[in-house]
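So you can see what is in the structure, the chains are spelled out below.
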Amino acid sequence: MTAARTPHELFISTAPYYARYRPGYDRAMYDMLAARFALDGTQRILDLGTGTGVLALPLARLVGHVTAIDPEPGMLDEGRKLAAEQDLTNIDWVEGDSTTLPGMGLDPVLLTVMGAAFHWMDRDQTLRDLDQLIEPDGAVVLASGGAPGDVDPAPWLQVIADVRTHYLGAERRAGSGTYSHPKERHQDVLARSPFSNVETARWDRTVTRTLDEVIGLQFSYSYSSPAQLGDQKDAFERDVRRALTEFSPTGTLDELVRTEAIIAKRP
């Protein structure tokens, strides 16, 4: 078992892998948001828990300004690099999180978008704070791959899980403890919030990855990050590579990837 790591160490070690290997969200989600909210290059959007800008970067092409907030400087640095590569100059990359939001002096926004970071937050308090920031006709948009169990996992994911369990134990680790997904669904939390008018849209697509891409993807997760694995990283990679090669000699692996967008407005 590796030594416990702080959340900061975990996330900063995932940043370059996150930016390169995460599949991102389906283009259809951005098309839907553009049509639904008449995005015409003038609106302001907040991306709370932006990471490396998975949501902020494509949305910046549709609106006037994006404020991208994350507590991890390493993630923000990767986001800035990607924005520069894409010649996007209308994103402010700001260090902070849901707890610092009320005191940040932000301008009103039409949309607040959040990805996987929402499940780390005090969801009820965050939504109350966002009620003071989002414009009257605006919305909260939660983007994810769906709740655990919504999509049947690709069989090769169990192959990786078996190797990860050997190195890190059966529970997904999070710093000095373990992580478990909130039992209450986001839709139920939203239903009792100021943004109680809730609808959900989903898009599915098949993503084909090479062996190298699948391994890089593992290092993008906090629970199998380079920091979490420590000096066992190379051995973990070797064992995953061997196990996946036995599973799929072709060297490619398919996965059904879901994009789920929960759109929540005031009644």
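These figures come from a predicted structure and were not determined experimentally.

Asks: Just checking my understanding: could you explain the pattern of salt bridges for this structure?
Replies: Any two side chains of opposite charge can pair, so long as their charged atoms come close to each other. One pass over the full model with this rule turns up 16 salt bridges. Residue Asp77 pairs with Arg80 through a salt bridge whose shortest N-O separation is 2.9 Å. One end of the pair is Asp77 and the other is Arg80, both in helix H4 (residues 73-85) and three residues apart, which spans about a single turn. Given a relative accessible area of 37%, Arg80 falls into the partly exposed group. Across the salt bridge formed by Arg238 and Asp239, the nearest N and O atoms sit 3.2 Å from each other. Residue class for Arg238 comes out partly exposed when judged on its relative accessible area of 46%. By relative accessible area, Asp239 is classed as buried at 17%. The network of salt bridges with shared partners includes Asp124, Glu184 and Arg192.

Asks: What should I look at first to understand helix H2 (residues 27-36) in this one?
Replies: Given 3.6 residues to a turn, an α-helix orients residues that are three or four positions apart in the same direction. Met29, Tyr30, Met32, Leu33 and Ala34 are the residues of H2 that are buried. Of the residues trailing H2, Ala38 is marked for its positive phi of about 50°.

Asks: I'm lost on the sheet that holds strand S1 (residues 44-48) in this one. Help?
Replies: Where strands meet in a sheet, backbone hydrogen bonds hold them as pairs that are either parallel or antiparallel. What the seven strands build is an open sheet, ordered S3-S2-S1-S4-S5-S9-S8; its pairing is mixed. In this open sheet, the two edge strands, each paired with only one partner strand, are strand S3 (91-95) and strand S8 (197-210). In this sheet, neighbouring strand axes are inclined to one another by 20° on average, regardless of whether the strands run parallel or antiparallel. Taken together, the three bridges between S1 and strand S4 (residues 109-114) define a ladder with parallel strand orientation. The partner of Asp47 across the bridge, within S4, is Val113. Against the sheet, H2 contacts strand S5 (134-144), S8 and strand S9 (252-265), and its axis sits at roughly 20° relative to S9. Contacts from H4 reach strand S2 (65-70) and S3, with the element oriented near 170° to S3.

Asks: Looking at this structure, how should I read the layout of surface pockets?
Replies: Over the atoms a probe the size of a water molecule is rolled, and this reveals where empty space is left. Volume-wise, the second largest pocket comes out at about 190 Å³. Lining the second largest pocket are 14 residues, and of these Gly24, Gly53, Val54, Leu57 and Pro58 sit closest to its centre. Residue assignment for the lining of the second largest pocket shows that the elements contributing at least two residues are helix H1 (7-21), H2 and helix H3 (56-60). Among the residues forming the lining of the second largest pocket, the class breakdown is eight nonpolar, four polar and two charged.

Asks: In this structure, what is going on with the packing of helix H8 (residues 211-218) against helix H10 (residues 233-247)? I would like to understand it.
Replies: Helix packing geometry: the angle between the two helix axes and the distance between the axes. Remark: H8 packs on H10, axes separated minimally by 11 Å, with the N-to-C direction vectors making an angle of 135°. Judged by the angle between their axes, H8 and H10 are oblique. The handedness of the crossing between H8 and H10 is right-handed. Across the interface between the two elements, Leu211, Asp212, Val214, Ile215 and Gln218 of H8 pack against Phe236, Glu237, Val240, Arg241, Leu244 and Thr245 of H10. Broken down by class, the residue content of the contact of H8 with H10 amounts to six nonpolar, two polar and three charged.

Asks: Which parts of the structure should I look at to understand the pairing of S3?
Replies: For a regular strand, side-chain orientation follows a simple rule: the groups alternate between the two sheet faces. Of the strand pairs in this sheet, S2 and S3 are connected by five bridges, and their pairing is parallel. The partner of Asp70 across the bridge, within S3, is Glu95. Regarding topology, H4 serves as the crossover connection from S2 to the parallel S3, and that connection is right-handed.

Asks: What's the story with the packing of aromatic side chains in this structure? I'm lost.
Replies: Tallied over the entire structure, the rule returns five aromatic pairs. With centroids separated by 5.2 Å and ring planes inclined at 5°, the aromatic side chains of Tyr221 and Tyr223 adopt a geometry described as stacked. Judged by relative accessible area, Tyr223 falls into the buried class, the value being 14%. By way of ring pairs, the aromatic residues Tyr17, Tyr21, Tyr167, Phe219 and Phe236 are connected into one cluster. Between the NZ or CZ atom of Lys233 and the centre of the ring of Phe219, over which it lies, the distance is 4.4 Å.

Basis of the calculations
Residues numbered from 1 in each chain as written. Predicted model: local features only at pLDDT ≥ 70, side-chain atom pairs only at ≥ 80, totals over all residues. Heavy atoms only, no water. Salt bridge = Lys/Arg side-chain N within 4 Å of Asp/Glu carboxyl O. Helix = DSSP H or I, 4+ residues; strand = E, 2+ residues; numbered from the N terminus. Buried < 20%, exposed > 50% of the residue type's maximum accessible area, 1.4 Å probe, protein only. Pairing = 2+ DSSP bridges. Axes fitted to C-alpha atoms, helices over the stretch in contact; angles between N-to-C directions. Contact = heavy atoms within 4.5 Å. 1 Å grid on protein atoms, 1.4 Å probe; cavity = no way out; pocket = protein on both sides within 12 Å on 5 of 7 lines; lining within 4 Å. Points joined across faces, edges and corners; volume = space filled by probe spheres on them. Nonpolar A, V, L, I, M, F, W, Y, C, P; charged D, E, K, R; others polar. Parallel < 35°, antiparallel > 145°, perpendicular 65-115°, else oblique. Left-handed = near helix turned anticlockwise from the far one by under 90°. Right-handed = clockwise from strand over helix to strand, strands pointing away. Phe/Tyr/Trp six-rings, centres within 6.5 Å; stacked < 30°, edge-to-face > 60°. Lys NZ or Arg CZ within 6 Å of the ring centre and 35° of its normal.

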